[in-house]
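Secondary and tertiary structure notes
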Amino acid sequence: MSRSRQPPLVTGISPNEGIPWTKVTIRGENLGTGPTDLIGLTICGHNCLLTAEWMSASKIVCRVGQAKNDKGDIIVTTKSGGRGTSTVSFKLLKPEKIGLLDQSAVWVDEMNYYDMRTDRNKGIPPLSLRPANPLGIEIENFEQLKMAVTNLKRQANKKSEGSLAYVKGGLSTFFEAQDALSAIHQKLEADGTEKVEGSMTQKLENVLNRASNTADTLFQEVLGRKDKADSTRNALNVLQRFKFLFNLPLNIERNIQKGDYDVVINDYEKAKSLFGKTEVQVFKKYYAEVETRIEALRELLLAKLLETPSTLHDQKRYIRYLSDLHAPGDPAWQCIGAQHRWILQLMHSCKEGYVQDLKGTPGLHSPMLDLDTDARPVVLGHLSQTASLKRGSSFQSGRDDTWRCKTPHRVAFVEKLTKLVLSQLPNFWKLWISYVNGSLFSETAEKSGQIERSKNVRQRQNDFKKMIQEIMQCLVKLIRGALLPLSIPECGVRQYGGWEVKSELSGQWLAHVIQTIRLTYESLTALEIPNDMLQTIQDLILDLRVRCVMVTLQHTAEEIKRLAEKEDWIVDNEGLTSLPCQFEQCIVHSLQSLKGVLECKPGEASVFQQPRTQEDVCQLSINILQIFIYCLEQLSTKPDADVDTTHLSVDVSSPDLFGSIHEDFSLTSEQRLLIVLSNCCYLERHTFLNIAEHFEKHNFQGIEKITQVSMASLKELDQRLFENYIELKADPIVGSLEPGIYAGYFDWKDCLPPTGVRNYLKEALVNIIAVHAEVFTISKELVPRVLSRVVEAVSEELSRLMQCVSSFSKNGALQARLEICALRDTVAVHLTPESKSSFKQALEALPQLSSGADKKLLEELLNKFKSSMHLQLTCFQAAASTMMKT
């Protein structure tokens, strides 16, 4: 009795997955001692013993049969070892369902099939009419869905491999058939059967040929129907394609009428790809009709593209359509050129419209002047709100209301022109940017014409730059023709000028225009247009700023000329009228209106950068000050009959001394001289210095020259007026001295003892007091200056008269000394070195007092005179106390 062996153990299987009837090789241990020892073999629960072929104790070859389970173990049973185990498993795949006309390397068993059309079973080859299941499994869960994806990939690979997949799938079957035939042939040769009964191989070949012919006969009808169905199907497909081509010309016309250009382009591209290179005459004929319709569409789209005005969106859309239709030339560049010409035409039409409106209906409002925004200059808004200066609050500028009446045509034209450029140029610039970066073209057109377009862009960059420069130059020249006609060459006057206006715009309107052009420049800069293309605008702004300064200063000079008409001769407690303050306020207002003009915006140069401009502005400023000085001179010399004083009054704080000025007073020429002199003093000490500070604050150049020249002119006028007044007042007093001294045949050699100061001296003092009162009434500050000169004149005349006397008696010398000392002591507060010298010379011409009695008498008589004239001499005492305080 033999010893029992170990149970079989399966350790490997190749392949480890497959469909039913797949040939597998099983490897392991103790798989039996021979073919007769193998009594059982199951794979996935299916008995495979009938197809098993024992090779050795470690190898068995068999075919996998139909099984219920998708995955299972490989179990080997032997007589010697009993039922074994397995460390590996086999995955059973569902077989591919082979149709009636599909190639197969193995025999496919027939199976009952449920015919859905007749609701009855038929024993027919499988899957001939069954709907295909591309997934290869029944979907119940996600894992099976993943398997289905794998099956789809496998089927796709097989389709791509074609007949190669069929050969690879049946390769093992071919080898087995070859082996079987070789074994039969060897067996027959060994037995000698072929020699006795004929060639068995030849007979077998004949049988196989007859089987092949019989199979061809059986399937010929089916294959014929299949070929016919394929032919019919192909014919229908071709007919469908022809239907598209035959109907395409009509469809193109309909879609063009509806504006469905995208549909037309898509249909055209499709037809071009299908029939563009066809050799069939019918196709050529219909395709030629399509090309005719497309050419008409190209012309229509190009006309719409070049039509103006047009939006940027429409332009881009038409360019893309033409690009997709492969239009000849460069439609995008044509559009840019048309837009450039349109902008220039609009600008010239704008100018012509305003010029014709100005010539045709002067003084009437034109609809062209209706602007979206208020035409009032923003830069002038502060004028109406500027607080009046401390003095001259009654001053009202005559310019404040000039702009309220109507916007000048030229200003309205500039506003309209800049709005026009800002409305058109951004889209024009964006169109160019889109042209450069290729966003105007579709992806297909971009790929096909990228190299050629890049060449065009490089060539046309300079052309586009010239277009922008031409637009900027046109804008600048049109504005120059309206506002700075002298800066336009004669050859361009007709094209850019023609306004025929006599009056020039005021400084306020020029400032408003400058602000408008500055905003235009900022808007163009925001488009990222290079600065070199906008330099002409900067040059225009600078020229307008310079012109605005000049015009404003000229207008200011004209207003200063008219200030003399506004002199009201109302004197305040400081001896001033409102005229100096009106003058300063007028200049301050002018400079305030120039504040925005003089300010340098980013990229702008200073108005005063040119030496010529500095010199012109300096000279204009000097002229303004000298014009006012001339006005003062005219006022001082104005005849009495030309002065209206019915409305005049005097400040209540000013003392009305000696009744020199009454309620129903009228100004004399001497009083006007004093008033002008008082104003000159104030101008010299305050106004001119304040104006110089304002000039410096606004960065004017040559301020030192302006101040020096103006001050010199003012001082010259002041001195001349002062001399005139002194002449008017001092000459009568001086002229009365000599007749008064010798009145009544008075003789210095033969006269009575003095009893007091004679009347001529008292009369002279009263006249001096009258001058004091007149000057004090007008201006307290002028009193010392005027009286000092009067006293100088009187003392000089008195000294001359004393020196002309050949000899004095004792009484005459005492009388002369009394009168000289009385006058000297009375006006002591107004003595100057010159007048003191004159009094000294007069006293030295007299004999000296020899006795104390004479000195005592002189002192008594002086005291008596001062006591008797105390009231009259009070003005000199008040002046003395005032001078001591100061």
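The following refers to the structure shown.

Definitions and limits used
Residues numbered from 1 in each chain as written. Predicted model: local features only at pLDDT ≥ 70, side-chain atom pairs only at ≥ 80, totals over all residues. Heavy atoms only, no water. Pairing = 2+ DSSP bridges. Helix = DSSP H or I, 4+ residues; strand = E, 2+ residues; numbered from the N terminus. Patch = residues over 30% accessible without salt bridge, like charges linked within 9 Å, V, L, I, M, F, W, Y side chains within 5 Å. Areas by Shrake-Rupley, 256 points an atom, 1.4 Å probe, with all protein chains shown as cover. Salt bridge = Lys/Arg side-chain N within 4 Å of Asp/Glu carboxyl O. Core = buried A, V, L, I, M, F, W, Y, C linked by side-chain atoms within 4.5 Å. Buried < 20%, exposed > 50% of the residue type's maximum accessible area, 1.4 Å probe, protein only. Contact = heavy atoms within 4.5 Å. Phe/Tyr/Trp six-rings, centres within 6.5 Å; stacked < 30°, edge-to-face > 60°. Lys NZ or Arg CZ within 6 Å of the ring centre and 35° of its normal. Polar contact = N/O pair within 3.5 Å; in protein donor to acceptor, adjacent residues only side chain to side chain. Axes fitted to C-alpha atoms, helices over the stretch in contact; angles between N-to-C directions. Parallel < 35°, antiparallel > 145°, perpendicular 65-115°, else oblique. Nonpolar A, V, L, I, M, F, W, Y, C, P; charged D, E, K, R; others polar.

This part is about the sheet that holds strand β6 (residues 53–56). Reading across from one edge, β6-β7-β3-β1-β10 is the order of the five strands in this open sheet, with mixed pairing throughout. Unpaired on one side and paired on the other, β6 and β10 (85–86) mark the two borders of the sheet. As paired elements, strand β1 (residues 9–14) and β10 share two bridges and run parallel to each other. Bridge pairing in β10 places Val 10 opposite Ser 86.

What follows covers a nonpolar patch on the surface. Side chains of Leu 181, Ile 184, Leu 204, Val 207 and Leu 208 sit close together on the surface and give an oily, nonpolar patch of about 410 Å² of accessible area. Counting only elements with at least two residues in the nonpolar patch, the list comes to α3 (171–191) and α5 (200–258). The greatest single-element share of the nonpolar patch, amounting to three residues, is contributed by α5. Within the secondary structure, Val 207 is located in helix α5.

A few words now on the pairing of strand β7 (residues 59–63). As judged from the five bridges shared by strand β3 (residues 23–29) and β7, these two strands associate in the antiparallel manner. Bridge assignment links Ile 26 to a residue of β7, and that residue is Ile 60. The pairing of β6 with β7 spans three bridges and is antiparallel. Opposite Glu 53, over in β7, you have Val 61 as the bridge partner.

What follows deals with the nonpolar core. One recurring pattern in soluble globular proteins: nonpolar side chains tend to sit buried together. Membership of the largest hydrophobic core comes to 195 residues, with the highest contact counts inside it found for Met 347, Ile 537, Phe 583 and Met 802. In this structure Met 802 touches Ile 741, Trp 748, Phe 808, Ala 816, Ile 820, Ala 842, Ala 845 and Leu 846, once residues within four positions along its chain are discounted. Core analysis: the next-biggest nonpolar cluster, separate from the first, contains 18 residues, Val 10, Ile 13, Cys 62 and Val 64 among them.

The next subject is the packing of aromatic side chains. Applying the stated criterion to the full structure yields 15 aromatic pairs. Seen in terms of ring centroids, Trp 333 and Trp 432 are 6.2 Å apart; in terms of plane orientation they differ by 65°. Their pairing is edge-to-face. A residue pair is termed long-range when its members are at least 10 positions apart, and Trp 333 in helix α9 (residues 331–360) and Trp 432 in helix α11 (residues 409–437) qualify at 99 residues. Assessed through its relative accessible area of 14%, Trp 333 is described here as buried. Measuring from centroid to centroid gives 4.8 Å for Phe 746 and Trp 748, while their planes differ by 90°, and the two rings are edge-to-face. By relative accessible area, Phe 746 is classed as buried at 18%. Clustering of aromatic rings is evident, with ring pairs tying together Trp 333, Phe 428, Trp 429, Trp 432, Tyr 435 and Phe 464. A cation over an aromatic ring shows up here: Arg 758 above the ring of Phe 746, its NZ or CZ 3.8 Å from the ring centre. The ring of Phe 722 has Arg 785 sitting right over it, with the charged end atom 4.1 Å from the ring centre.

All told, the structure shown has 32 salt bridges when counted by the stated rule. Among the ionic pairs, Arg 720 bridges to Glu 716, the shortest N-O distance being 3.7 Å. In this pair, Arg 720 and Glu 716 both sit in helix α20 (residues 703–741), four residues apart, roughly one turn of the helix. Assessed through its relative accessible area of 31%, Arg 720 is described here as partly exposed.

Mapped onto the elements, Ser 590 comes out in helix α16 (residues 579–593). Polar side-chain contacts of Ser 590 include one of 3.0 Å to the backbone oxygen of Cys 586.

This next bit is on the packing of α11 against helix α14 (residues 507–526). Contact geometry of α11 with α14 gives a least axis separation of 10 Å together with a crossing angle of 5°. As the angle between them shows, α11 and α14 are arranged roughly parallel. Contacts between α11 and α14 involve Val 411, Val 414, Glu 415, Thr 418, Leu 422 and Leu 425 from the former and Trp 509, His 512, Val 513, Thr 516, Ile 517, Thr 520, Ser 523 and Leu 524 from the latter. Here the residues of the contact of α11 with α14 sort into eight nonpolar, five polar and one charged.

The quantities given are spatial measurements derived from coordinates; they are silent on function.
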